[in-house]
Amino acid sequence: MADGVPVACDGTRPDGRTGEPADPYRWLEEDSSRTRAWLTAQQHLLEGHREGTDDRGWQALLRRIETATAGRLLSPPVEAGGMLFRQRLSASGSELLSATDRHGRERILLDTGDQPSPTRTAGRHPDPRGRALLVQLHHDGHENGGLHLIPTDGGTPAAYLPDASPHPAVAYAGDLLLYSAGTRTEHTLRARPLGDDPARSAARHPDRTVELPVPGPVRITLRCGPGGHLLLRTRTAKAPSAQWWCTLWDGHGTPGWQPLPLDDLRITAFALGTDRLYLATGPDVSALALPDVARGHITAPAPLPRTADAGPTPGEVKALRVLGPGPAPCLAVLRQHGTTRRIGLLSLPRLPRLPGLPGLPPTDGMRAEDTVPAEPRTEADGRGTTVLTWHARLRIGPSSYGDDGRPGDALWILADDPRDGCWSHRLTPGTPPVTPPAGRSPLRTSTAVSSDGTSLPVTVCDPPSTGTGPAPVLVTVYGGFGVPLEPSFDPVLAAWLAAGGRVAWVHARGGGEFGPEWAAAGRGAGKSRTVDDLCAAARALVDQGEAAPGQLAGLAASNGGLVLAAAALRVPRLFSAVACAAPLTDMARYTSGGGLGRLWHDEYGDPDDPAALAALLAYSPYHHVRQGESYPATLLITGGNDARVPPWHAWKLCAGLQEANSGRQPVLLDHQPGTGHHGRTGTAATTLSARVLALLATRTGLAAPTGPEPPSPATDVNAPSPLRAHRQPTAPAPS
């Protein structure tokens, strides 16, 4: 299978001819007839292996789960202009974007299943007045640019804005649509008028470029507040950190961007109110007076108190939302500490009325001398309070907008349940504590100790009917970029649980579960510690009786796929089977040959630096393949249009393992040319999921059940139906 090319016994040693790390499969990086022939041979090997596994049984289970989860929300609903916008999963696996008016009439704005090729949505932005929905579509795995402006009236054709960047910055400023144009890393700011008919106006009127406060190339983030303030964050190669700017702009002339004194702050979340910018720096929240900024009187943000029940370890703030217009809004705060997520509502002090700027109406705001923090209040007890504590993925949607396009006082949350789906709830100021639905997944936390003595949590989910004894455990990990690993609903995990297995999420260093220090400990040379964390957690699952020896399987993607592959190479007998999707594997060349590796020096280190290269080679999976070793059953998954991680990373590791493996377990590659970094959709996703489950389950003693249908996952459990909730009058902001 290696095309006659010998594998190096120790890939960490330099090649005698070039002085570079040994790289016997460099030729797989080339688009050549030799590479294409190798890929064809891998496909034949994969198909031949499938005939000996229970793919059909797992496909049947997955279809039952998909039927039960049809209509599942994929993101929190959004209220805008008297419309309720939702993103749901159809019975066929496509994404449905819909708008429902106050009379309960729903219109499907987009069904990705109607597209001529596999399609995913990438961000959705309703117009505050509910007239249109702005959405980006990614086809065949490409993370392409362009924006579709889809009217909600059903009678006007959608407009297409081809110049929008991939994953664009978007803001509505009155009757202007602002968005980033260009490439993924080099942006310009464009403005288009919307008028009363957004799609026709956007199509007929040419866009114009809005001057930015810094020269390019630059990447931008953009927000517009209800008071007309534009907030801009710029990132350039020359600036050591992001720069923040603000202006009160009416759409004419050049914006008067004012710099904000935020460059040295580690901002984890922010939100714009009528005339305040709310900032989270780790566990703390502060406010900045925007009317003073617009006048050039810039002061430092003033701290706000924490909610009364935050406790000694309130956790890092992950999201902020402003609820309610005017001078006394409510602030929704989403915090995370370890495996716990909390949403709190904090009432803010009423502020004095300030005169407006020339040509603009007066605003309710605060001056620098008015920034003394006041005690938070709620209608119930005069204190800020936590309304929900949850131990799985928890998302909050954008703040609502009323019929007239002005800020409302509601938002929707969406909580995942790894076994039973997801549920949503509508929050308003004064909301009593939310009661989660009965029968939710029994999540619990165990502790493992890594090789250097560091304790790390592992979240475990038990199957619906389980005893106290060991069961096959599916282990997953991420451990990178400061992103927390959150238990969430996924059909593969739900199928594993329905079959009687357990699922374990390893909260390794490098992730964002415990703030910046935890993330930094798994960055650069510390990435090898992340691999140690996974190995320690896997051993602990066996030692603690969660699984018996031979009952561990691993499944991870992207950076998590790198960590899992490195662990499987470091301790080959730790897992019985592993599946790695879109992994980096050749860390000596992760910045070469396409992808986004050149942007990841901060996370992994620069391979051109000898010290950093040595640290990379300490865990680089490709360089730790050992001739004659017995490796676990391995499935490597790639997409030909992956714009982030070139698929040849997995190809090279696959070739090396196939040549070196002395055991009888298969090493397989599942490559699909027309997919990207975020995986497959529809039938192709179900087929791949069944293949993954069959490989992992066969090696750990788990079988696909043939019993009754899995329970239908709950959605919108703890709230009235979305339509009834949407028609209910909103509660006034606490006074």
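That block above? That's the structure.
Residues numbered from 1 in each chain as written. Predicted model: local features only at pLDDT ≥ 70, side-chain atom pairs only at ≥ 80, totals over all residues. Heavy atoms only, no water.

Draft legend 1. Summary view of the overall build of the protein. For the protein, the helix and strand inventory stands at 13 helices and 37 strands. Taking all contacts inside the protein whose residues are at least 6 apart in sequence as the whole, residues at least 24 apart take part in 61%. Within the structure as shown, the protein displays about 28,400 Å² of accessible surface, and the carbon and sulfur contribution to it stands at 51%. (Helix = DSSP H or I, 4+ residues; strand = E, 2+ residues; numbered from the N terminus. Contact = heavy atoms within 4.5 Å. Areas by Shrake-Rupley, 256 points an atom, 1.4 Å probe, with all protein chains shown as cover.)

Draft legend 2. Quick peek at the packing of helix α7 (residues 527–543) against helix α8 (residues 559–570). The geometry of α7 relative to α8 is characterised by a closest axis approach of 9 Å and an angle of 70° between their N-to-C directions. By the criterion of interaxial angle, the relationship of α7 to α8 is roughly perpendicular. Two packed elements cross with a definite hand, and for α7 against α8 that hand is right-handed. Seen from α7, the contacting residues are Lys527, Ser528, Thr530, Val531, Asp532, Leu534 and Cys535; seen from α8, they are Asn559, Val563, Leu564, Ala566, Ala567 and Arg570. Of the residues belonging to the contact of α7 with α8, the class tally is 7 nonpolar, 3 polar and 3 charged. (Axes fitted to C-alpha atoms, helices over the stretch in contact; angles between N-to-C directions. Parallel < 35°, antiparallel > 145°, perpendicular 65-115°, else oblique. Left-handed = near helix turned anticlockwise from the far one by under 90°. Nonpolar A, V, L, I, M, F, W, Y, C, P; charged D, E, K, R; others polar.)

Draft legend 3. Summary view of the nonpolar core. Trp38, Val506, Leu534, Phe575 and Tyr604 are the most contacted members of the largest nonpolar core, which has 61 residues in total. Setting aside its immediate chain neighbours within four residues, Tyr604 contacts Phe481, Gly524, Lys527, Asn559, Leu562, Leu584, Met587, Tyr590, Leu616 and Tyr619. Trp496, Ala577, Ile637 and Leu695 belong to the second-largest nonpolar core, a separate cluster that totals 37 residues. (Core = buried A, V, L, I, M, F, W, Y, C linked by side-chain atoms within 4.5 Å. Buried < 20%, exposed > 50% of the residue type's maximum accessible area, 1.4 Å probe, protein only.)

Draft legend 4. Broad picture of the pattern of salt bridges. Per the counting criterion, the structure on display carries 39 salt bridges. Notably, a salt bridge pairs Lys527 with Glu603, separated by 2.6 Å at the nearest N-O pair. Here Lys527, found in helix α7, pairs with Glu603, found in helix α9 (residues 601–604); they are 76 residues apart in sequence, far enough to count as distant. Residue Lys527 shares its accessibility class with Glu603, and that shared class is buried. A salt bridge links Arg626 to Glu629; its shortest N-O distance comes to 3.5 Å. Accessibility expressed as a relative area gives 14% for Glu629, which makes it buried. Linked by salt bridges that have partners in common, Asp23, Arg26, Glu29, Asp586, Arg589 and Lys652 make up one network. (Salt bridge = Lys/Arg side-chain N within 4 Å of Asp/Glu carboxyl O.)

Draft legend 5. Structural detail: the packing of helix α1 (residues 33–50) against helix α12 (residues 682–700). Here α1 crosses α12 at 60°, and the two axes come no closer than 11 Å. Here α1 is positioned oblique relative to α12, judged by the angle of their axes. Of the two elements, α1 crosses α12, and the hand of that crossing is left-handed. Contact residues: α1 offers Leu46, Glu47, His49 and Arg50, while α12 offers Arg691, Leu695 and Arg699. Its residues assigned to classes, the contact of α1 with α12 shows 2 nonpolar, 1 polar and 4 charged.

Draft legend 6. Seen up close, the packing of aromatic side chains. Counted by the stated rule, this structure contains 7 aromatic pairs. When the ring of Trp390 is compared with that of Trp423, the centres are 5.3 Å apart and the planes differ by 80°; the resulting orientation is edge-to-face. Highlighted residues: Trp390 in strand β26 (residues 385–390) and Trp423 in strand β29 (residues 421–427), separated in sequence by 33 residues. Taking the relative accessible area as the measure of exposure, Trp423 reaches 2% and is therefore buried. Taken together, a centroid distance of 5.7 Å and an interplanar angle of 85° make the contact between Phe481 and Tyr604 edge-to-face. Remark: Tyr604 occurs in helix α9 and Phe481 occurs in the loop between β32 (473–477) and α5 (491–498); sequence separation between them is 123 residues. Overall, Phe481 belongs to the partly exposed group, its relative accessible area being 33%. Since its relative accessible area comes to 2%, Tyr604 is described here as buried. (Phe/Tyr/Trp six-rings, centres within 6.5 Å; stacked < 30°, edge-to-face > 60°.)

Draft legend 7. Here's a closer look at the side chain of Asp533. For Asp533, the location among the structural elements is in helix α7. A distance of 2.6 Å separates polar atoms of two side chains, one belonging to Asp533 and the other to Ser450. Look past the residues within four positions of Asp533 in its chain and what remains in contact with it is Ser450, Leu456, Val506, Ala508 and Arg509. (Polar contact = N/O pair within 3.5 Å; in protein donor to acceptor, adjacent residues only side chain to side chain.)

Draft legend 8. Inspection of the sheet that holds strand β1 (residues 78–80) at higher detail. The sheet built from 4 strands is open, its strands ordered β1-β2-β3-β4 with antiparallel pairing. Every interior strand has two partners, whereas the edge strands, β1 and β4 (106–111), have only one. Within the sheet, the average angular offset between the axes of one strand and its neighbour, ignoring direction, is 25°. Direction of pairing for β1 relative to strand β2 (residues 83–89): antiparallel, over a ladder of 3 bridges. The residue bridging Val78 from the neighbouring strand is Phe85, located in β2. (Pairing = 2+ DSSP bridges.)

Draft legend 9. Quick peek at empty space enclosed by the protein. A complete count under the given rule lists 7 cavities of 30 Å³ or more for this structure. When its volume is computed, the largest cavity comes out at roughly 130 Å³. Around the largest cavity, the lining comprises 16 residues; the ones closest to its centre are Arg120, Asp140, Gly141, Gly676 and Gly679. Residue composition of the lining of the largest cavity, by class: 1 nonpolar, 11 polar and 4 charged. (1 Å grid on protein atoms, 1.4 Å probe; cavity = no way out; pocket = protein on both sides within 12 Å on 5 of 7 lines; lining within 4 Å. Points joined across faces, edges and corners; volume = space filled by probe spheres on them.)

Draft legend 10. Structural detail: the environment of Pro283. Turning to its location among the elements, Pro283 is positioned in the loop between β18 (276–281) and β19 (284–289). On the basis of relative accessibility, which here comes to 28%, the residue Pro283 falls in the partly exposed class. Here the alpha-carbon distance between Pro283 and Lys318, two residues 35 residues apart in the chain, equals 9.1 Å. If sequence neighbours within four positions are ignored, Pro283 has contacts with Arg306, Pro314, Gly315, Glu316, Val317 and Arg335.

Draft legend 11. Geometry of the environment of Thr339. Counting through the fold element by element, Thr339 comes out in the loop between β22 (330–337) and β23 (340–347). Among the residues examined, Thr339 registers a relative accessible area of 11% and is labelled buried. With 54 residues separating them in the primary sequence, Thr339 and Arg393 have C-alpha atoms 9.4 Å apart. Beyond its immediate chain neighbours, meaning those up to four positions away, Thr339 contacts Trp390, His391, Thr445, Pro457, Thr459 and His507.

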